[in-house]
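# What the coordinates show
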Amino acid sequence: IIGSGTILDTARFRALIAAHLNVSSHSVHAYVLGEHGDSEVLLWSDVNIGAVPLEAFGKQTGRTLTMDNIQSIDDGVRRAAYHIIEGKGATWFGIGAGMARIAEAIVGDERALLTVSGHTNDVAGAGPVTFSVPRIIGANGIVDTVLPPLSTQEAAELARSAEIIRAACADLVSAVS
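Conventions we followed
Residues numbered from 1 in each chain as written. Predicted model: local features only at pLDDT ≥ 70, side-chain atom pairs only at ≥ 80, totals over all residues. Heavy atoms only, no water. Helix = DSSP H or I, 4+ residues; strand = E, 2+ residues; numbered from the N terminus. Rg over C-alpha atoms; globule rule 2.2 N^0.38 Å. Buried < 20%, exposed > 50% of the residue type's maximum accessible area, 1.4 Å probe, protein only. Contact = heavy atoms within 4.5 Å. Areas by Shrake-Rupley, 256 points an atom, 1.4 Å probe, with all protein chains shown as cover. Lys, Arg positive; Asp, Glu negative; His and termini not counted. Charge placed at Lys NZ, Arg CZ, Asp CG, Glu CD. Polar contact = N/O pair within 3.5 Å; in protein donor to acceptor, adjacent residues only side chain to side chain. 1 Å grid on protein atoms, 1.4 Å probe; cavity = no way out; pocket = protein on both sides within 12 Å on 5 of 7 lines; lining within 4 Å. Points joined across faces, edges and corners; volume = space filled by probe spheres on them. Nonpolar A, V, L, I, M, F, W, Y, C, P; charged D, E, K, R; others polar.

### Concerning the overall build of the protein
Of the regular secondary structure elements, the protein holds five helices and eight strands. Its helices and strands in sequence order give the protein the pattern α-β-β-β-β-β-α-α-α-β-β-β-α, from N to C terminus. Against the 2.2 N^0.38 benchmark of 16 Å for 177 residues, the protein shows a C-alpha radius of gyration of 17 Å, consistent with a compact globule. Expressed as lengths along the three principal axes of its C-alpha atoms, the size of the protein is roughly 55 × 40 × 35 Å. Within the protein, buried positions represent 38% of all 177 residues. The contacts in the protein between residues at least 6 apart in sequence include a share of 59% that link residues at least 24 apart. Surface exposure of the protein reaches about 9,600 Å², of which carbon and sulfur atoms provide 57%. The averaged location of the 19 negative side-chain charges in the protein is 4 Å from the averaged location of its 12 positive side-chain charges.

### Re the side chain of Ser132
Relative to the assigned elements, Ser132 resides in strand β7 (residues 129-138). From its side chain, Ser132 meets the backbone nitrogen of Thr6 in a polar contact 3.0 Å long. For Ser132, the side chain forms a polar contact with the side chain of Ser117, separated by 3.1 Å. Dropping the residues within four chain positions of it, Ser132 is found in contact with Gly5, Thr6, Leu33, Gly34, Thr115, Val116 and Ser117.

### Some points on the layout of surface pockets
By volume, the largest pocket amounts to about 420 Å³. Contributing elements (two or more residues each) for the lining of the largest pocket: α1 (7-21), β1 (28-29), α4 (92-107) and β6 (112-120). For the lining of the largest pocket, a count of residues per class yields eight nonpolar, six polar and two charged. Around the second largest pocket sit 14 residues that line it, and Leu42, Trp44, Gln153, Glu154 and Glu157 are the ones nearest its centre. When residues of the lining of the second largest pocket are traced back to their parent elements, those giving at least two are β3 (41-42), α3 (67-88) and α5 (152-176). In terms of residue count, the dominant contributor to the lining of the second largest pocket is α5 (four residues). Taken together, the residues of the lining of the second largest pocket break down into three nonpolar, four polar and seven charged.

Below, the structure is given as structure tokens:
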């Protein structure tokens, strides 16, 4: 089973970084992990423009992100769905595009690295949970999971996201019982 997870959030994250740095979003390598929701983790510590870490890119090009830019991007990623629902009433087209991308990776056996949801035994000491981390997707579905390095803060935020998901699942089980 594969969930769409944070595939849209990751695309928004990359697009907003690219816009601030005036580069193509295809050159931005950045990920959003955890739940698709308020506790998602924007992995700032591992953002690369091409093969160049974000900070080094800024020093080389004079295009850096200020704390205000970072907060604006964070808000833009986390609040995008609210703005879309406010304007269009739903986010059908975005999720449709995300699902098409996942299907394309499976049908074409692309072995593409996508942030989709699947069962994860342990990330950042969070124990077993189903949430998003980068996964290689091919003809057999999730072929492998690739865990990026996390800062101490990101690891704590990801563990918190896992706990929120677990609590929501427990609430659902209680409601059904």
